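Take a look at the letters that make up each chain.
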Amino acid sequence: MWAFRRGAGAYTELLRAQPLLTNSVTASGLYGGGDLVAQAIEMKLKITSPNKEKVNWNRTMRMTVFGMGVAGPLLTGWYPLLHRMTLPFRQSYTEVAPALARNVNIRSEWYTMETLSGPMNRAREVGAKVLFDTVFFQAPYLTCYFFVTGFLEGRTPAAVFKKTKDNFHASWFYGTMLWAPAQTLNFMFVPVMFQPLVVHSVDVVWKASLSVLYHYRDYGPAFALTSKHASLDRTSAEVIVASQPSSSELAQPPSEMQGMMEELEELRREVKGHRAMLVELDALRREVRDHRETIAQFHHATRRVTRSFDRLTRGDKSPRAPGGR
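Before going into details, it helps to say that this report is about the structure given with it.

Criteria and thresholds
- Residues numbered from 1 in each chain as written.
- Predicted model: local features only at pLDDT ≥ 70, side-chain atom pairs only at ≥ 80, totals over all residues.
- Heavy atoms only, no water.
- Helix = DSSP H or I, 4+ residues; strand = E, 2+ residues; numbered from the N terminus.
- Contact = heavy atoms within 4.5 Å.
- Areas by Shrake-Rupley, 256 points an atom, 1.4 Å probe, with all protein chains shown as cover.
- Patch = residues over 30% accessible without salt bridge, like charges linked within 9 Å, V, L, I, M, F, W, Y side chains within 5 Å.
- Salt bridge = Lys/Arg side-chain N within 4 Å of Asp/Glu carboxyl O.
- Lys, Arg positive; Asp, Glu negative; His and termini not counted.
- Charge placed at Lys NZ, Arg CZ, Asp CG, Glu CD.
- Core = buried A, V, L, I, M, F, W, Y, C linked by side-chain atoms within 4.5 Å.
- Buried < 20%, exposed > 50% of the residue type's maximum accessible area, 1.4 Å probe, protein only.
- Polar contact = N/O pair within 3.5 Å; in protein donor to acceptor, adjacent residues only side chain to side chain.
- 1 Å grid on protein atoms, 1.4 Å probe; cavity = no way out; pocket = protein on both sides within 12 Å on 5 of 7 lines; lining within 4 Å.
- Points joined across faces, edges and corners; volume = space filled by probe spheres on them.
- Nonpolar A, V, L, I, M, F, W, Y, C, P; charged D, E, K, R; others polar.

### Focus on the overall build of the protein
- The helix and strand tally for the protein stands at eight helices and two strands.
- In sequence order, the secondary structure elements of the protein are arranged as α-α-α-β-β-α-α-α-α-α.
- Across the protein, every contact between residues at least 6 apart in sequence was considered, and the portion connecting residues at least 24 apart equals 71%.
- When the accessible area of the protein is evaluated, it comes to approximately 22,500 Å², of which 64% is carbon and sulfur surface.

This is the structure we're talking about:
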């Protein structure tokens, strides 16, 4: 405990003396370590890219560079700026009447400052910070992450743009669900000086989760099933080619030739069965799509009938002339 307190005190002094350098070094270490953890999870779940047998140190170095050169400096400047932007939620200014100005201990100003306190004022300040952070920072920061890591991977500008377009919306949507409550707690209880450290720590977990999620999507069971079908097709083709009898094989006994033909027929049935499963899956997808369209049409017709019924009901309540039809 004594060592922890001493380390925390030394880190606090470093933050006060060199906030930019301290946050940048902290972010680089957290991002690099988080990437190593993500790669360990991917290898444990066997959802790595093809032919990957060990840690990709280039990928870890890219994340370390991103933490040092992008994440650390940006967050070091953003949260003090955000704190200044929300100053009106912490302070109030009241105009001083000119006749009373001589009795007020002020210089040449005609306003007195009052510090706002209380749970409602604090809640408004935190809500404003969460809103500003989500709208003005999270989306540009996520775009910057995809662009910088894409260029560090050696991708072309077109490939970087495509990667950002494919992954941005889902990442931002799920990220908002995470960051809104996380930032609420951060702004409510953590001093401004330590807010970048909290965000770096949560962001490491978030980026590692995204990495595992995308690897599961790209190299998970669906990828394994596709690879298995491709392997079966290649095996079938090789067996068909290899099954063409040569002049020496023609001289073999009929029983051996019969066994080879039976094995070949079994392989063909297995390949055909897998293809039939794929066809059934496509048929099920089309059926689900048709059901969705039918349900949508039913809802539309229901709304039309409801509106017609409402109009008829309002028409029945209107007064009628005597003897009228």
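Let us keep going from here.
### A word on a negative patch on the surface
- Together, E262, E263, E266 and E270 make up a region of like negative charge exposed at the surface.
- One can find E266 in helix α8 (residues 254–317).

### Some remarks on the nonpolar core
- Formed by 26 residues in total, the largest nonpolar core has its most connected members in Y31, F66, L75, Y79, Y141 and F187.
- At the level of secondary structure, the elements contributing two or more residues to this core comprise α2 (19–45), α3 (57–85), α4 (119–152), α5 (157–189) and α6 (195–219).
- In this structure F66 touches Y31, A71, Y141, C144, Y145 and V148, once residues within four positions along its chain are discounted.

### Remarks on the side chain of T164
- For T164, the location among the structural elements is in helix α5.
- A relative accessible area of 7% means that T164 is categorised as buried.
- Here V160 takes part through its backbone oxygen, which lies 2.8 Å from a polar atom of the side chain of T164.
- The residues touching T164, leaving out its near neighbours within four places in the chain, are T143, F146 and F147.

### Overview of the side chain of S28
- Examined against the element boundaries, S28 turns out to sit in helix α2.
- Judged by relative accessible area, S28 falls into the buried class, the value being 9%.
- Of note is the side chain of S28, whose polar atom sits 2.7 Å from the backbone oxygen of V25.
- In this structure, S28 is in contact with T64, G67 and M68, ignoring residues within four places of it in sequence.

### Focus on the layout of surface pockets
- Empty space within the largest pocket amounts to approximately 840 Å³.
- The wall of the largest pocket is formed by 30 residues, among which E153, R155, K163, S211 and H215 lie closest to the centre.
- Where the lining of the largest pocket is concerned, the elements lending two or more residues are α2, α3, α4, α5 and α6.
- Sorting elements by how many residues they give to the lining of the largest pocket places α6 first, with ten residues.
- Class assignment of the residues belonging to the lining of the largest pocket gives a composition of eleven nonpolar, seven polar and twelve charged.

### What about empty space enclosed by the protein?
- Applying the stated criterion across every chain yields a total of one cavity of 30 Å³ or more.
- Volume-wise, the largest cavity comes out at about 130 Å³.
- Lining the largest cavity are 13 residues, with Q138, Y141, L142, W179 and W206 sitting closest to its centre.
- For the lining of the largest cavity, the elements supplying multiple residues, two or more each, are α4, α5 and α6.
- When residues in the lining of the largest cavity are grouped by element, the largest group, five residues, is from α5.
- Residues belonging to the lining of the largest cavity are distributed by class as follows: seven nonpolar, four polar and two charged.

### A word on the environment of F147
- Of note, F147 is situated in helix α4.
- Overall, the relative accessible area of 30% leaves F147 in the partly exposed class.
- Separated by ten residues in sequence, F147 and P157 place their C-alpha atoms 8.6 Å apart.
- Look past the residues within four positions of F147 in its chain and what remains in contact with it is V160 and T164.

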